[in-house]
Structures are given as structure tokens and as C-alpha cells.
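Below, each chain spelled out in residue letters.
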Amino acid sequence: MKKLLVRGGLVVSDGKQVNCDILIEGEKIIAIGRSLSCPDAQIIDATGKLVFPGMIDSHVHIGHPNKRGSARDSFYTATRSAALGGVSTIIDFAIQWDKEKSLLETWKEKVQLMSRECVTDFALHNCPTVSEPKTIEEMDALIEEGSPSFKFYMTYSSQNRMTNDGVLYEALRKSAGTLMRIGVHAENDALINYLSEQYRQRGETDASYFAEAKPAIVENEAVHRALYFARETGGNLFLFHLTTAEGVRLVKDAKRDGIPVVAETCTHYLVLDEEYLKREDGYAYICSPPLRRKSDQEALWAALRDGSVSIVSSDHCGFDKALKREYKGDFTKIPNGLPGIDHRLRLIYTHGVRKGKISLETMVDVLSTNIAKTFGMYPRKGTISVGSDADLVIYDPNGEEIIERGIDSDSIDWTPYKGFLLEGSVDMTISRGEVLVRDGEFSGEPGRGCLILRDILQKRQK
Ligand code: MN
Ligand code: MN
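The structure reproduced in this document is the subject of the present report. (Residues numbered from 1 in each chain as written. Chains lettered and ligands numbered in written order. Predicted model: local features only at pLDDT ≥ 70, side-chain atom pairs only at ≥ 80, totals over all residues. Heavy atoms only, no water.)

Time to look at the overall build of the protein chain. Secondary structure summary: the protein chain contains 13 helices and 21 strands in total. A globule of 462 residues ought to have a C-alpha radius of gyration of about 23 Å, and the protein chain, at 21 Å, matches this closely. Once the C-alpha set of the protein chain is aligned to its principal axes, its extents read approximately 70 × 50 × 40 Å. Pairs at least 24 residues apart make up 76% of the contacts formed inside the protein chain by residues separated by at least 6 positions. For the protein chain, the exposed area adds up to about 17300 Å²; of that, 48% sits on carbon and sulfur atoms. Placing the 59 positive and 67 negative side-chain charges of the protein chain at their respective mean positions leaves the two points 2 Å apart. (Helix = DSSP H or I, 4+ residues; strand = E, 2+ residues; numbered from the N terminus. Rg over C-alpha atoms; globule rule 2.2 N^0.38 Å. Contact = heavy atoms within 4.5 Å. Areas by Shrake-Rupley, 256 points an atom, 1.4 Å probe, with all protein chains shown as cover. Lys, Arg positive; Asp, Glu negative; His and termini not counted. Charge placed at Lys NZ, Arg CZ, Asp CG, Glu CD.)

Pasting the structure below:
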């Protein structure tokens, strides 16, 4: 079997920085230590470089459909740009758009499509859209297949995706004492619909009104409700895209009381703010929850430092600026979502680590290790350990550039991060022992990515 020896790098994994070498055989890491030698291994010189476990992006919507036009990226183009940004595993969503199909059928169809195209490894969160007891029953089949994470939409009644509080409560009850993850998109649907109607009637539907039309209380109330359900049921709650200082406070209280909640935020809530909505191209920055205030940003960085928010994902959604522009002037119609599967690592490194907001170890935790732990992939993923998959990023901390475009600019005509500074670069991305990116150049066959099965019978992890 092919062997690779990564030599001389500063390895950052599981809360530590250690200068050591990593020996890979086939798809696995087989040895870690100082001055390893192996005559038949190909040597990769990582002197002066940082070595991280492969990054995991646990919240992406590749090729997301919208009734006004779909995102234009494919699983191939999006996972290629993910790999170029240091990502070796993604988690997308199996949304039950067709309510006649079971959750299992919905999941299987998406797995088939992803198996043909993905160059990174992958998994899916299941999104039920039916608020009936059969949803709860159908979850069992997915747990058996190794797909034990879910997202329930507390809003989007207008897009046929919302489930009611009854089924969410029941799902949380079911998850108590297991490693299932019951995720929520927490926004109060009635409040959204009521408030946007008021803005619509006043003709105030320009993007510049979006943040005030969907104020923090819309999210905070739903977060509060979901946490209360978790408190009552002992359920394993996962909060997708937490954005507010008040939300952080609620999560902290819940954690202090022993509620098993895990909270995520996304790149854009850390580096962009609501002022972007007031720009000439503010329509492009419509996403939900909306971009918030600078004070919320600071609360989120602090939450990453103290662990109350423990995951940063991209919530990548590749709607074109051109498509969004068609609905400019009416935030109720603009497709929601920002692309960002590509630059997450470099942005968080530059604007988090280099600015002293979080440590290098915390960065690796929130972009990889904590994700693997939360979603049942650890220690196969998210760590540089003997026996783990040989998923590595070799990061050169030197050099800088200004973002001009997204990596997959053939599919997606804009990036919300244009003009942002990036320090350092991804030299190499290795996935299960295969070098996908070398000196910033990609090579990898569509369909090489593997579905990662997740076993929830393992013990609850801290
Ligand atoms: Mn969401
Ligand atoms: Mn999302």
C-alpha cells in the first residue's frame, strides 16, 4: 500500500500543537512521532507549515433549489472548491421536498447523487417536512443506516419546509440519552410573516430593511423555545446558525444547567454585519437569519473562546448575484443564502486566529474536531491520531492575498468576501491518503468521495 510521510510540520490537533511527523499507509494514519523514517514512503516536507486534521463543513446546501432559480454549483464543483479550501468532508441536507416520499427514500436519492459527484467525503442531515407521527417512526430507519442527524425548520411555512412544534418536541424526546442530533433552524415563523407583511404594505422591502424586518427577537424566541423543549425532554438539541448575543446568553444558561445543546455559527456572522445590507448590492447579502450587528459578532467570537458556540460552518448556498438581483427591491422574494464553502478556513484563520480572537487550537476544534464529535464521525475524522482517516491540511502561514472571487467562480458569479484579506494558504489537502490539492492545484476524480456512516451507539462524548 502507498505510504506518505509528512515531515517537519507543526501539528495542531485535539487542543495541542506538537512538532511531529505523520506516517500514512493507504487511507489511514499509522504512526505519529518525532523523526519518523520509512524508506518506502513518499516524503512530504511540511517544514515551516501548519498541519491540521481535514476540515469538515457541516452545513452546506450545494445546488440548492429555489422556485425562482437554483444554485448553480454541482457536488463536483462545490466539493472541488471545498478541497481547495482545506475541506475533506461535507455535510449537506436531504430535504423532504416531496412529502409523499419517506425520509429514507429522500436520503437514499441524495446519497446516490452525491456518490457520483463528490470529491470529498460526505454525509447528510435529514430534513423532515411532515408534522405527523410517521416522521418520528421514519427516523429509526435513518439511524440504522448511519444518518442520525436532523434539521427541523421552525420557519419557512411559505416554502413548505416548516414542521410544527409537536413533531420537534417528539423528536427531541426520542433523542434523549442517545447521540442523535435534533437540529433546528430557529426563527419564529408567525412573527416573520406578520412583520414582513407590515414592511410590504409600507413599501419598505428593499434589502436595507431586511435586518430590522427580521429582528433578533425572531431568532431569540425560537432558540428559547427549542432550548425549553430540550430542557423538558433531555433531548440532544443542535442549534444551526446562532447569530445573536442574546442567543449566546440563552445557550450559556442552558449548558450551565446541563442541557446537552450544541450551537453552531457561520463564517458570515463572524466577519460580515448588517451594514452590508445597506450597500448598493445589499440584495446579494440576504440570508436567514440575517446579518447582525458588530456587537453580536463580538459576542459570537467570545462564545467560540468560551465554548458556548463550538462549531463554525459556512451555510454555503451558491445563488448567483445575477439571480438575486432579479428580485432586488423585494427581500421577501430574494433567494436566501451566501456562498462560502471555499474560503472558510482562510477567513477564520486570518480574522480569528491572526487577529487574536481565538487560538489556533480553538480554530481546529470549531472547524473540524467538534464537528466530528457532534455528528458521530470522531475519531475517524476531526483528529490527527493513529487509526484515523488520513485527512490532513497543510497550511502555509506565510503570504497574503485579497479575495477577488470565489474559487468556483465558473458556477457562482460572486463571493460575499470580495476585498477581504487572507493570510496564509492551503498548500495541500489530503483525503484518506489521497492528495487532492498540491501547491494549490486540484486533482481528484468525481465520485471518489465516500459516504461517512455514523454510529450513535458509541458512548456520549464530552
Ligand atoms: Mn437554516
Ligand atoms: Mn442553511
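Tracing the sequence through the fold places Arg292 in the loop between α9 (267–271) and α10 (294–306). In terms of polar contacts, Arg292 uses its side chain to reach the side chain of Thr243, at 2.8 Å. Contact partners of Arg292, with chain neighbours within four places excluded, come to Lys214, Pro215, Ala216, Glu219, Thr243, Thr244, Asp273 and Glu274. (Polar contact = N/O pair within 3.5 Å; in protein donor to acceptor, adjacent residues only side chain to side chain.)

One turn of an α-helix holds 3.6 residues; hence residues three or four places apart share an orientation. Summarising burial for helix α12 (residues 344–353): ten of the ten residues are buried, a large majority. If you check which residues of α12 are buried, you get Arg344, Leu345, Arg346, Leu347, Ile348, Tyr349, Thr350, His351, Gly352 and Val353. (Buried < 20%, exposed > 50% of the residue type's maximum accessible area, 1.4 Å probe, protein only.)

We now examine the environment of His61. Relative to the helices and strands, His61 resides in strand β9 (residues 60–61). What makes His61 buried here is its relative accessible area of 8%. Put simply, His61 and Cys317 are 256 residues apart on the chain and 5.1 Å apart in space, counted from C-alpha to C-alpha. Aside from chain neighbours lying at most four places away, what touches His61 is Asp92, Phe93, Tyr153, Asp315, His316, Cys317 and Gly318.

Moving on: the packing of helix α7 (residues 216–233) against helix α8 (residues 245–256). The N-to-C vectors of α7 and α8 enclose an angle of 10°; their axes lie 9 Å apart at closest approach. By the criterion of interaxial angle, the relationship of α7 to α8 is roughly parallel. When α7 is examined against α8, the residues Asn220, Val223, His224, Leu227 and Arg231 are found in contact with a partner set consisting of Glu246, Gly247, Leu250, Val251, Asp253 and Ala254. Of the residues contributing to the contact of α7 with α8, the split by class is five nonpolar, three polar and three charged. (Axes fitted to C-alpha atoms, helices over the stretch in contact; angles between N-to-C directions. Parallel < 35°, antiparallel > 145°, perpendicular 65-115°, else oblique. Nonpolar A, V, L, I, M, F, W, Y, C, P; charged D, E, K, R; others polar.)

This brings us to the pairing of strand β10 (residues 87–95). Counting buried residues along β10, nine of its nine residues qualify, which places the element largely inside the surrounding structure. Note: strand β8 (residues 55–57) against β10, three bridges, orientation parallel. The partner of Met55 across the bridge, within β10, is Val87. Pairing of β10 with strand β11 (residues 121–127) involves seven bridges; the strand directions are parallel. The partner of Ile91 across the bridge, within β11, is Ala123. (Pairing = 2+ DSSP bridges.)

With that settled, the discussion passes to the coordination of the manganese ion (ligand 2). In the first shell of the manganese ion (ligand 2), the protein supplies His59 (NE2), His61 (NE2) and Asp315 (OD), at 2.1 to 2.2 Å from the metal. One chain supplies every donor to the manganese ion (ligand 2), and in sequence these donors are spaced H-x1-H-x253-D. (Donors = N, O, S within 2.8 Å, 3.2 Å for Na, K, Ca; no water.)

Attention now moves to the packing of aromatic side chains. One pass over the structure, following the stated rule, counts 13 aromatic pairs. Measuring from ring centre to ring centre gives 5.1 Å for Tyr276 and Tyr285, while their planes differ by 45°; the resulting arrangement is tilted. Exposure class is identical for Tyr276 and Tyr285. Each is buried. Where Tyr285 meets Trp414, the ring centres are 5.4 Å apart and the plane angle is 85°; that geometry is what we call edge-to-face. Of the two residues, Tyr285 is situated in the loop between α9 and α10 and Trp414 in the loop between β18 (392–402) and β19 (421–431); the sequence distance between them amounts to 129 residues. Of the two residues, Tyr285 and Trp414, neither departs from the other in class, the shared state being buried. Put simply, the rings of Phe93, Phe238, Phe240 and Phe375 pair up and form one aromatic cluster. Positioned above the aromatic ring of Tyr327, the side-chain terminus of Arg68 is 5.5 Å from the ring centre. (Phe/Tyr/Trp six-rings, centres within 6.5 Å; stacked < 30°, edge-to-face > 60°. Lys NZ or Arg CZ within 6 Å of the ring centre and 35° of its normal.)

Before going further, it helps to examine the environment of Lys151. Note on placement: Lys151 falls in strand β12 (residues 149–153). Between the C-alpha atom of Lys151 and that of Ile95, which follows or precedes it by 56 residues, the distance is 8.9 Å. If we skip the residues at most four places from it in the chain, Lys151 touches His59, Phe93, Asn126, Cys127, Pro128, Gly183, His185, Phe240 and His241.

Moving on: the side chain of Asp57. Inspection of the secondary structure puts Asp57 in strand β8. Every residue in contact with Asp57, bar those within four places of it in the chain, is listed here: Val87, Thr89, Ile90, Ile91, Ser313, Ser314, Ile341 and Arg344.

On to helix α5 (residues 189–201). The terminal C-alpha atoms of α5 lie 18 Å apart, and with 13 residues this matches the ideal 18 Å at 1.5 Å per residue to within 8%. Among the residues of α5, those classed as buried are Asp189, Ile192, Ser196 and Tyr199. Buried residues of α5, seen end-on, are gathered within an arc of 95° and therefore sit on one face of the element. Among the exposed residues of α5, those oriented more than 90 degrees off its buried face are Ala190, Tyr194 and Gln201. (Expected span 1.5 Å × (residues − 1). Arc of directions from axis to C-beta.)

Right, let's get into the coordination of the manganese ion (ligand 1). Around the manganese ion (ligand 1), the donor atoms from the protein are Lys151 (NZ), His185 (ND1) and His241 (NE2), and they sit 2.2 to 2.4 Å away. On the primary sequence, the residues serving as donors to the manganese ion (ligand 1) are separated as K-x33-H-x55-H.

Once that is clear, we can look at the pattern of salt bridges. Within the structure shown, the criterion is met by 40 salt bridges. Residue Asp391 pairs with Lys381 through a salt bridge whose shortest N-O separation is 2.7 Å. In this pair, Asp391 is assigned in the loop between α13 (360–374) and β18 and Lys381 in the loop between α13 and β18, connecting sequence segments ten residues apart. You'll find Asp391 and Lys381 in the same group, each marked buried. Each of Glu27, Lys28, Asp121, Arg380, Lys381, Asp389, Asp391 and Arg432 takes part in a single network of salt bridges with overlapping partners. (Salt bridge = Lys/Arg side-chain N within 4 Å of Asp/Glu carboxyl O.)

Along the polypeptide, Leu345 turns up in helix α12. When its relative accessible area of 2% is taken as the criterion, Leu345 is described as buried. The spatial distance from the C-alpha of Leu345 to the C-alpha of Gly86 is 6.9 Å, given a sequence separation of 259 residues. The residues contacting Leu345, other than those within four sequence positions of it, are Phe52, Met55, Gly85, Gly86, Met363, Leu367, Val393, Tyr395 and Val426.

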